[in-house]
Amino acid sequence: MKALFLLLMMLQDVPTIEFPEPLQPAPQIEDEPQPQPTADTFATDQLYLIQSDLSLVILASPAGVLQVTPAKQGSVIFSRFAGGKGLEERTVSRANGYVVRGLAAGTAELLILPAGSADVVDLRRRILNVTAAQTTPPDGRPQPPADDVAVAFRAYETAWRQAQSDLADRLDSGEISSEKLAADWFATANLEARKQAFLPLLRAESVQFGGENWTAEKHSTYIRRYARGRASGNTAQAN
């Protein structure tokens, strides 16, 4: 009887959770095979958009690599997206949208569960690889990944732009109806955006020279690389 009940449950319509699809690359002229990018690897200047018919609880582990922000149905987001081809505009078409941002290069796992469910059978897991943003000059040759400070500023810029878009939505809907309310709302959103963007840097500093490990020399050596634009872990002295 229990088996029959489970079979009937499986035959019911299953609410859809929509993840980005892998990008199919254009045919290459070179004979050498080209690696196919997948949506589960994306850069810090891209967004990973999840859409669902159900309200979800999404947790990221470990902390400091990914940030998950809900997006209401009908929201229009202009950005670079995982599985996309440059800057584009996407609309949250399902009942619930979730924008995942890469705060720092690394690997993290999303644990996804329908809101209100405590059944481990409903748990979905997704491993995401976040890479540092790359810039491509006019000659088309890829440049090395940006250093961790540039990654933080890029994440802050993305969050700042999204906050401006959210503020515009609230102004258009009448939710915010005065200059003071608008300024107060954006001040709070801007503070949170900055905190989340630079949190990976602060955590890295804590590991390198924080607490009982602190000395003026260690602190100075580590932060001097910020001015030189070197990636985390490279603390070589400038010439």
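Residues numbered from 1 in each chain as written. Predicted model: local features only at pLDDT ≥ 70, side-chain atom pairs only at ≥ 80, totals over all residues. Heavy atoms only, no water.

Visitor: I'd love a proper account of the packing of aromatic side chains, names of residues and values included.
Guide: Scanning the entire structure with this criterion turns up six aromatic pairs. Aromatic pair Trp160 and Phe186: ring centres 6.0 Å apart, planes at 85°, arrangement edge-to-face. Highlighted residues: Trp160 in helix α2 (residues 148–173) and Phe186 in helix α3 (residues 179–209), separated in sequence by 26 residues. A residue is classified by how much of its surface remains accessible, and Trp160, at 35% relative accessible area, is partly exposed. Classification of Phe186 by relative accessible area gives buried; the value is 15%. (Phe/Tyr/Trp six-rings, centres within 6.5 Å; stacked < 30°, edge-to-face > 60°. Helix = DSSP H or I, 4+ residues; strand = E, 2+ residues; numbered from the N terminus. Buried < 20%, exposed > 50% of the residue type's maximum accessible area, 1.4 Å probe, protein only.)

Visitor: Could you give me a rundown of the pattern of salt bridges, with the residues and numbers involved?
Guide: Inspection of the entire model under this criterion finds 10 salt bridges. Residue Glu109 pairs with Arg125 through a salt bridge whose shortest N-O separation is 2.7 Å. Here Glu109, found in strand β9 (residues 106–114), pairs with Arg125, found in strand β10 (residues 124–131); they are 16 residues apart in sequence, far enough to count as distant. Judged by relative accessible area, Arg125 falls into the exposed class, the value being 56%. Within this structure, Glu18, Asp53 and Arg94 form a network of salt bridges that share partners. (Salt bridge = Lys/Arg side-chain N within 4 Å of Asp/Glu carboxyl O.)

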